[in-house]
Amino acid sequence: MGRYPLLVGVDVGTTNVRSFVFNERGEVLGQAFQGVRIYSPKPGWSEEEPEDLWRATLETMRDAVKASKISAEDVAMISFSAQMHGMSMIDREGATLMRLITWADIRPGPQCEKIGETLDPYELYSRTGCPPLFIYPPVKVLWVRENEPKKFERCYKVLSAKDYVMYRMLGEPYLDPSTASGSQFLNIHKLRWDEKVLEMTNIDEDKLPMLRDGTEVVGELPEDTAKFTGLKKGIPIILASSDAALSNMGLGAVEKGIAGLNIGSSGAIRVLSDKPLIDKNRSMRFFCYYAGQRWWFPGGAINNAGIVLRWFRDALGQPEVEEAKKRGVDPYEVIAEKAANVEVGAGGLLMVPFFAGERFPVRDSKARGIIFGLALTHGKAHIIRAIMESVVYTLKWIVDAMEEQGITINEVRAGGGGARSPVWRQIQADVLGKPVVHTKVEEASALGAAMVAAISLRIYKDLNDASRCMVKVMERHEPNPEFHRKYLAMFKMYKELYEVSGRFYEELLRVQEM
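Residues numbered from 1 in each chain as written. Predicted model: local features only at pLDDT ≥ 70, side-chain atom pairs only at ≥ 80, totals over all residues. Heavy atoms only, no water.

Participant: How should the sheet that holds strand β13 (residues 217–220) be read in this particular structure?
Facilitator: Whenever strands of a sheet pair, they do so through backbone hydrogen bonds, lying parallel or antiparallel. Taking strand neighbours across the sheet as the criterion, the 6 strands line up as β3-β2-β1-β5-β14-β13 in an open arrangement whose pairing is mixed. Looking at which strands have only one partner, the edges of the open sheet turn out to be β3 (28–35) and β13. Going across the sheet, the axis of each strand differs from the next one's by a mean of 20°, ignoring polarity. The strands touched by helix α16 (residues 444–456) are β1 (6–12), β2 (16–22), β5 (75–82) and β14 (236–238); relative to β5, the strand with the most contacts, the crossing angle is about 135°. (Pairing = 2+ DSSP bridges. Helix = DSSP H or I, 4+ residues; strand = E, 2+ residues; numbered from the N terminus. Axes fitted to C-alpha atoms, helices over the stretch in contact; angles between N-to-C directions. Contact = heavy atoms within 4.5 Å.)

Put into structure tokens, the structure is as follows:
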């Protein structure tokens, strides 16, 4: 088997950094993972050390190359995927002034609520594709300015994860427009920093990273990094795109009508478009980011997906964890098996899964989870099934909002850890009423980064060409029409249950604060 040219894809995620060695057919030759510690010094805070991300990048690159047993001479390009929405600051000497504030950190909530005082929220959304939400960096900058003024004064650059890694590797904080489009600083139409957002946050453009196209070579692997990783000095480096955009690419969701659905701790559904698409409804029920190569991707990300199943595992799932140990399998495999034995609709058990508030299709940091319809006939398996179904209900709500605006979705490609479960994939097909396709490489963002590298090297001419050659379909789930009708009725109740519970969320918080 001819092994050259090989491509290294690095995904700098929020909780993990992953590195892969791929050949031009999208086959994994070596891989490595490393967890990254999340710090929560105060309730609602979620931070990580930028240096931890940098260290994990180097170490996973080294370990993936070692595992692949390749010749360093065969690696033609290194390509980067990275998390969106994080924010840190460095001073003129390159020292970090603060940990990176992740998307899950809710401390800028008060600043977010005040956005309307300086800029109409819908205008902000229309310009940037990002609704007013605490996850985005501008309100984090405002939080720092108000609460850590000395750090704000010393700030030389406002950076996210990828541009910090580039700064450490190449000496310049480069960032691609795709990852930048998740910052709310980028004008989604002009693909440059938005002057009104800069004015709102009172920072100059030169404090933001240097924008470079994702397929452009921004530098070559330095000698010290090459020695550490076992790679060859001078390998070209590209920025590729955001983890979200690259997930769609790595799933093969690169044609009109094909959506990429991801269920990890959080979840998302996205579809590529040849133009920016903004929700005409002022509720702003979906975002629109830039994917690269003159593609945009409207979609929605949800806080509550696999994290709710993790709650079940930790709070109620000890027997399943013990069973998994005995069988030598993942606890989630055992948990999902229980759901397979429960009828569609979880035996009349309905859940609103907003354990961690929600950001799409509703922006409600006060929302909490609801289990409705409990009866003496219900057991743990019904709760598991209700969790899995409710996560897909939230994603369907986003799909419906996008289809209202003329976006067509005929097929869904499933990714993330949730895609391992055939039960959850079939629930997706039956709730959404659309075929769901499972692909071979689970870490779709890293594969997407390799695909962009292959296009940059002119191995393939475009995303469709790369997808045909590098993405392998494993299984297809067709929707069951009878089950879909039942799920539509459950979905209607799910939305109504959330809507009538709103005043109780406020009251519950008020009582807790007494």
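Participant: It is not clear to me how the state of the cysteines should be interpreted in this structure. Could you clarify?
Facilitator: What is meant by a disulfide is a covalent connection between two cysteines, made through their sulfur atoms. A complete count under the given rule lists 0 disulfides for this structure. Here cysteine 130 is not cross-linked by a disulfide; its sulfur's nearest cysteine counterpart is in cysteine 288, at 9.1 Å. Classification of cysteine 130 as buried rests on a relative accessible area of 0%. The thiol of cysteine 155 is not disulfide-bonded; the next cysteine sulfur, from cysteine 130, is found 20 Å away. Look at cysteine 155 and you get buried, because its relative accessible area is 4%. (Disulfide = S-S within 2.5 Å. Buried < 20%, exposed > 50% of the residue type's maximum accessible area, 1.4 Å probe, protein only.)

Participant: Honestly, a nonpolar patch on the surface in this entry has me stumped. Any pointers?
Facilitator: Taken together, Trp311, Leu316, Ile371 and Leu374 make up a surface patch of nonpolar side chains, about 330 Å² in accessible area. Looking at the element boundaries, leucine 316 is found in helix α11 (residues 306–316). Judged by its relative accessible area of 34%, leucine 316 is partly exposed. (Patch = residues over 30% accessible without salt bridge, like charges linked within 9 Å, V, L, I, M, F, W, Y side chains within 5 Å. Areas by Shrake-Rupley, 256 points an atom, 1.4 Å probe, with all protein chains shown as cover. Salt bridge = Lys/Arg side-chain N within 4 Å of Asp/Glu carboxyl O.)

Participant: How do you make sense of the sheet that holds strand β4 (residues 47–48) when you look at a structure like this?
Facilitator: Pairing within the open sheet is antiparallel, and its 4 strands lie in the order β4-β7-β6-β8. With partners counted over all chains shown, the strands left at the sheet margins are β4 and β8 (157–159), one partner each. Of the strands in this sheet, β4, β6 (87–90) and β7 (96–101) touch helix α1 (residues 50–68), which is tilted by about 75° from β7.

Participant: Looking at this model, I keep getting lost on the pairing of strand β15 (residues 258–263). Mind explaining?
Facilitator: Two faces make up the sheet, and in a regular strand the side chains alternate between them. The element β15 is extensively covered by neighbouring structure, given that 6 of its 6 residues are classed as buried. Here β15 shows two buried faces, one formed by Ile258, Gly260 and Asn262 and the other by Ala259, Leu261 and Ile263. Pairing of β15 with strand β21 (residues 411–415), which is carried by 5 bridges, proceeds in the parallel orientation. For isoleucine 258, the partnering residue across the bridge sits in β21 and is glutamate 411. Here β15 runs beside strand β16 (residues 267–271); their pairing, made up of 5 bridges, is antiparallel. Across the sheet, the residue bridging to isoleucine 263 is glycine 267, located in β16. The hairpin formed by β15 and β16 contains 3 residues between the paired strands.

Participant: Help me out: how do you make sense of the pattern of salt bridges in this one?
Facilitator: Pairing between side chains becomes possible if they bear opposite charge and their charged atoms approach one another. Under the criterion given, the structure shown has 43 salt bridges. One salt bridge in this structure joins aspartate 176 and lysine 162, with 2.7 Å as the shortest N-O distance. Remark: lysine 162 occurs in helix α6 (residues 161–170) and aspartate 176 occurs in the loop between β9 (174–175) and α7 (177–180); sequence separation between them is 14 residues. Grouping residues by exposure puts aspartate 176 and lysine 162 together as buried. Here glutamate 404 makes a salt bridge to arginine 285, at a shortest N to O gap of 3.1 Å. Placement of the pair is glutamate 404 in helix α14 (residues 380–404) and arginine 285 in the loop between β16 and β17 (287–292), with a sequence separation of 119 residues. Accessibility expressed as a relative area gives 55% for glutamate 404, which makes it exposed. Looking at arginine 285, the relative accessible area reads 12%, which means it is buried.

Participant: Looking at this model, I keep getting lost on the packing of aromatic side chains. Mind explaining?
Facilitator: Aromatic ring pairs are described here by two measures, namely the spacing of the ring centres and the angle between the planes. Going through the model one piece at a time under the given rule, you end up with 19 aromatic pairs. Each ring, one from phenylalanine 20 and one from phenylalanine 22, has its centre 5.6 Å from the other, and the planes form 15°; the classification is stacked. You can call phenylalanine 20 buried: its relative accessible area is 2%. A relative accessible area of 0% means that phenylalanine 22 is categorised as buried. Here phenylalanine 20 and phenylalanine 33 contribute two aromatic rings whose centre-to-centre distance is 5.7 Å and whose plane-to-plane angle is 80°, an arrangement assigned as edge-to-face. In this pair, phenylalanine 20 is assigned in strand β2 and phenylalanine 33 in strand β3, connecting sequence segments 13 residues apart. Ring-pair connections join several aromatic residues into one group, and the members of that group are Phe354, Tyr393, Trp397, Tyr487, Phe491, Tyr494, Tyr498 and Tyr505. The ring of tryptophan 45 carries the charged tip of arginine 107 above its face, separated from the ring centre by 3.5 Å. Sitting over the face of the ring of phenylalanine 491, lysine 396 holds its NZ or CZ atom 5.3 Å from the ring centroid. (Phe/Tyr/Trp six-rings, centres within 6.5 Å; stacked < 30°, edge-to-face > 60°. Lys NZ or Arg CZ within 6 Å of the ring centre and 35° of its normal.)

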